[in-house]
Amino acid sequence: KKKSSGFDVKTDDQQARAANIAMAQQALAAAQMLQQQGTLTRKARRIHFSGLPVGITPHVLRELVNKYMVSAKLCLPNAPNEMPVNEVNIGPDGRYAFVEFRSVYEAGNVLMLDGIQVMGSTLRIQRPKDYVPAPAEMLMQMVPPGIQNASAAALVTGGVSRTPAPAALVSLPTVNTTQGELNNLQMVTRRARRLHVGNLPIGAGLTAEMLQQFLNAMMISKGLSDTRIKGDPVINCNIPNAKFGFIEIRTVHEATKALELHGIELGENKLRVQRPHDYQPVPMDMLKRHAVLMGHPAPPEDAGVAQPTLDAAISAIPGANAVPTKADIESGVPDDL
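The model shown is predicted, which means the values in this text are computed figures rather than measured ones.

*Asks:* I tried to follow the overall build of the protein chain on my own but got confused; where do I start?
*Replies:* Within the protein chain one finds eleven helices and twelve strands. A total of 337 residues make up the protein chain; the buried ones form 47% of that total. Across the protein chain, the fraction of contacts at a sequence separation of at least 24, relative to all contacts at a separation of at least 6, is 73%. Element-wise, carbon and sulfur atoms account for 55% of the exposed surface of the protein chain, whose accessible area totals about 17,100 Å².

The following block contains the structure:
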């Protein structure tokens, strides 16, 4: 019987080398996929900031936006305390910037901060003109900083700052198609479901949780909530500074009904409950689809809210004012930010 020469048997070193090559190839493929996803979603992850205060630097703006996002709970649910801003590029005149976020989800959420006061200036936070919606399944995808300008090999070897290790690249968070559609509809309808609440009592220790509880109680007691849906109508509350806040309501038709709370007293103040200036009406077919995905009953036939402006939306409310004035919302950045 012929003895084996041993040349066809891999040594431990050869097996280890083969395993390392396989792992490197897998990591490289994952890194290349992540880079493609970053390129595909970039126009949906970039936001235009204008009205910047004179002299603000990219670092300062980045830190402010990060801290606002974290404190207002606008970050990804699976990474609520991590910094969402990838990059800040300030224009030549220093009055505008493009801010790139790590996810489409967070780029959409930062629009809720439109109108905040920073160092005496009112920021306008909007989609850029070249905005392109991202595929629904990439809404929650996290893209590391510098992904566009790095080679896939650099990503695998850790050449990009704060880039996840290769093993992390393989298990990126994803959502199914139905959930992705729901998340997109949540973003699209948010501007019609948000209300500006101004003239808050100052020095009373009012928190976002307290304001949310108060408004929920008022909506339910005054019959402004949809009794067909279980739970509270106000699902989120954010107070960027002491003088005003924003509330998010679960449905558009309940947000319209909540405008009747304009002038309601809280302490010694009469609250201004109005649509924010970035309000956008939502087509009825989109509202119906949103209700189906949320498990809600069909919205009323007039729930599309055809009025294009704040004045038209609240003209029937006695004593209602137009959009909040600069004096109504003027305030500095909170001390803890």
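*Asks:* I'm lost on the nonpolar core in this one. Help?
*Replies:* The nonpolar side chains of soluble globular proteins are, as a tendency, buried together. Of all hydrophobic cores here, the largest spans 26 residues; its most connected members are F49, F101 and V110. Sorting the residues of this core by element identifies β1 (46-50), α2 (58-71), β2 (85-90) and β3 (96-101) as the ones contributing at least two each. In terms of residues, this core owes the most to one element, α2, which gives five residues. Setting aside anything within four residues of it in sequence, one finds F101 in contact with R45, I47, V65, M69, P84, V85, N86, E106, A107 and V110.

*Asks:* Would you mind going over the side chain of N66 with me for this structure?
*Replies:* By the secondary structure assignment, N66 is in helix α2. Ignoring anything within four residues of it in the chain, the contact list for N66 reads M83, P84 and V85.

*Asks:* What is the right way to look at the pattern of salt bridges in this model?
*Replies:* Between side chains of opposite charge, pairing is possible as soon as their charged atoms come close. As enumerated under the stated definition, the model contains eleven salt bridges in all. Taken together, the shared-partner salt bridges in this structure form one network comprising R42, R45 and E100.

*Asks:* Explain the packing of aromatic side chains to me, please; I cannot follow it from the model alone.
*Replies:* Aromatic ring pairs: the centre-centre distance and the angle between the two ring planes describe each pair. What the rule picks out here adds up to two aromatic pairs. Centroid distance Y96 to F98: 6.1 Å. Interplanar angle 85°. Geometry classified as edge-to-face. Y96 sits in the partly exposed class, given a relative accessible area of 28%. For the pair F244 and F246, a centre-to-centre distance of 5.6 Å together with 90° between the ring planes defines the contact as edge-to-face.

*Asks:* In this structure, what is going on with the sheet that holds strand β7 (residues 194-198)? I would like to understand it.
*Replies:* Consider a sheet: its strands pair through backbone hydrogen bonds, and that pairing is either parallel or antiparallel. If you trace the four strands from one edge of the open sheet to the other, you get β8-β9-β7-β12, paired in antiparallel fashion. One side of each edge strand has no neighbouring strand; the edge strands of this open sheet are β8 (234-241) and β12 (272-274). The mean inter-strand angle of the sheet, taken between neighbouring strand axes irrespective of direction, is 20°. Examined bridge by bridge, β7 and β12 share three bridges and lie antiparallel to one another. In the sheet register, G198 faces β12, and the bridge partner there is R272. Against the sheet, helix α7 (residues 208-221) engages β7, β8 and β9 (244-249), with an angle of about 135° to β8.

*Asks:* For this particular structure, what's the right way to read the pairing of β8?
*Replies:* Within a regular strand, side chains alternate between the sheet's two faces. Bridge count for β8 against β9 is five bridges, and the pairing is antiparallel. Residue pairing across strands places N236 opposite E248, the latter belonging to β9. In this antiparallel pair of consecutive strands, β8 and β9, the connection spans two residues.

*Asks:* Whenever I open this one, helix α9 (residues 284-294) confuses me. Can you help?
*Replies:* The periodicity of an α-helix, 3.6 residues per turn, causes residues three or four positions apart to be oriented the same way. Every buried residue of α9 is listed here: M284, L287, H290, A291 and L293. Within two residues after α9, G295 carries a phi angle of roughly 80°, on the positive side.

*Asks:* What exactly am I supposed to notice about the sheet that holds β2 here?
*Replies:* Pairing is antiparallel across the open sheet formed by four strands, whose spatial order is β2-β3-β1-β6. The open sheet has two edge strands with one neighbour each: β2 and β6 (124-126). Going from strand to strand, the sheet's axes swing by 20° on average, the running direction of each strand aside. Looking at chain direction, β1 and β6 are connected through three bridges and run antiparallel. By the bridge assignment, H48 is partnered in β6 with Q126.

*Asks:* Hey, could you run me through the pairing of β1 in this one?
*Replies:* Within β1, five of the five residues are buried, leaving the element largely enclosed by the surrounding structure. Of the two faces of β1, both are covered, the one formed by R46, H48 and S50 as well as the one formed by I47 and F49. Here β1 pairs with β3 via five bridges, running antiparallel. Across the sheet, residue R46 finds its bridge partner in β3, namely E100.

*Asks:* Where do I start with the environment of M286 in this structure?
*Replies:* As for its placement among the helices and strands, M286 is situated in helix α9. Owing to a relative accessible area of 26%, M286 belongs among the partly exposed residues under this scheme. Along the backbone, M286 and T189 are 97 residues apart, and their C-alpha atoms lie at a distance of 8.5 Å. What M286 contacts, discounting residues up to four positions off in sequence, is L185 and V188.

*Asks:* How should α2 be read in this particular structure?
*Replies:* Across its 14 residues, α2 extends 20 Å between first and last C-alpha, which sits within 8% of the 20 Å expected from 1.5 Å per residue. Taken as a whole, α2 has its buried residues at L61, L64, V65, N66, Y68 and M69. Of the surrounding elements, those touching the buried residues of α2 are β1, β2, β3, α3 (104-109), β4 (117-118) and β8. Residue K73 follows α2 closely and has a positive phi angle near 60°.

The rules behind the values
Residues numbered from 1 in each chain as written. Predicted model: local features only at pLDDT ≥ 70, side-chain atom pairs only at ≥ 80, totals over all residues. Heavy atoms only, no water. Helix = DSSP H or I, 4+ residues; strand = E, 2+ residues; numbered from the N terminus. Buried < 20%, exposed > 50% of the residue type's maximum accessible area, 1.4 Å probe, protein only. Contact = heavy atoms within 4.5 Å. Areas by Shrake-Rupley, 256 points an atom, 1.4 Å probe, with all protein chains shown as cover. Core = buried A, V, L, I, M, F, W, Y, C linked by side-chain atoms within 4.5 Å. Salt bridge = Lys/Arg side-chain N within 4 Å of Asp/Glu carboxyl O. Phe/Tyr/Trp six-rings, centres within 6.5 Å; stacked < 30°, edge-to-face > 60°. Pairing = 2+ DSSP bridges. Axes fitted to C-alpha atoms, helices over the stretch in contact; angles between N-to-C directions. Expected span 1.5 Å × (residues − 1).

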